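# Coordinate inspection notes
Given next are the chains, with one letter for each unit.
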Amino acid sequence: MFLLLLAACGSGAGLDNGANGQAGDTSAVPCDERAPTATIGGSGVDDAGIPVWTEMPEGSDQTMVHGPQGGWHILGSVDVQSTDQVVNVEYVIQWPAHDDAQLSYGNFYVMLVPDDRCGGYYAGMLGILDVSAVADGERDTPPELLAGEELRLVMNVTQRGDTAITASDERLVIAALDPADEPDTGL
């Protein structure tokens, strides 16, 4: 009898061992008893053109998108678990090499796209880059200052009505040029 119980305990029954990318999640623990989490991601689109959360690995290249109105931004998304469906997300971009200069601040009040894991995601947030405080003479645009530089993306999530951060995540990434900003090699 003891061996049967021991075998059942070691089998991982009821545990999600990361097969779907969510290590440590258990279906046996009710959603409202799990600690809230936030995970920064990139932003892609599905077959219908709807923004979706995508993985954003630490140290990955993230494009400084050159927008049609002349500015630059880095797209971000957040996967949030074990919170209300409506949350507030602060999206901050900092430049660690310049004393964590704040290059972007966005405050988004959003309704998460639900998933089957006790939460959801919100995709397509624009981290609009403002480099005016760190301009270096005529070098005064994100491509001139930030290409190849390490940036810190931070997302702080609070539940509706809360004043304290519910969950937070940060990621170091490398600022990559938009193809429109690549130097013209004349070839």
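Our subject in this report is the structure included herewith. Remember, it's a predicted structure, so these values are computed and weren't measured experimentally.

Turning to the state of the cysteines, a few remarks are in order. According to the stated counting rule, one finds 1 disulfide in the structure shown. Paired through a disulfide, Cys31 and Cys118 show a sulfur-sulfur distance of 1.8 Å. On the sign convention where negative means left-handed, the S-S torsion of about -65 degrees between Cys31 and Cys118 marks this disulfide as left-handed. Separated by 87 residues along the polypeptide, Cys31 in the loop between helix H1 (2-10) and strand S1 (37-45) and Cys118 in the loop between strand S7 (113-114) and strand S8 (119-128) bring together distant segments of the chain. For Cys118, a relative accessible area of 18% corresponds to the buried category.

Taken as a whole and assessed by the stated rule, the structure comprises 7 salt bridges. Between Arg152 and Asp100 there is a salt bridge, with its nearest N and O atoms 2.5 Å apart. Here Asp100 lies in the loop between strand S5 (86-95) and strand S6 (101-111) and Arg152 lies in strand S9 (residues 150-159), a separation of 52 residues in the sequence. Taking the relative accessible area as the measure of exposure, Asp100 reaches 33% and is therefore partly exposed. Within the structure, one salt-bridge network assembled from shared partners comprises Glu58, Asp169 and Arg171.

This part takes up the nonpolar core. Counting 30 residues, the largest nonpolar core has Leu146, Leu151 and Leu153 as its most contacted members. Counting only elements with at least two residues in this core, the list comes to S1, strand S4 (72-81), S5, S6, helix H2 (142-146), S9 and strand S10 (167-177). It is S5 that contributes the most residues to this core, 5 residues altogether.

Calculation criteria
- One numbering rule holds for all chains: residues counted from 1, following each sequence as written.
- Restriction of local features to residues with pLDDT of at least 70 applies here, the model being predicted, together with a cutoff of 80 or more for giving and counting side-chain atom pairs; totals for whole chains, interfaces and linings are based on all residues.
- To obtain the side-chain values, all non-hydrogen atoms of the structure were used and water was disregarded.
- Disulfide: a pair of cysteine sulfur atoms within 2.5 Å of each other.
- Starting at the N terminus, helices and strands are each numbered in turn, a helix being any DSSP run of H or I of at least four residues and a strand any DSSP run of E of at least two.
- Relative accessible area decides the class of each residue, using a 1.4 Å probe on protein chains only: under 20% of the type maximum gives buried, over 50% gives exposed, and in between gives partly exposed.
- By definition here, a salt bridge exists when the distance from a side-chain nitrogen of Lys or Arg to a carboxyl oxygen of Asp or Glu is within 4 Å.
- Working definition of a nonpolar core: buried Ala, Val, Leu, Ile, Met, Phe, Trp, Tyr and Cys residues. They are joined through side-chain atoms within 4.5 Å.

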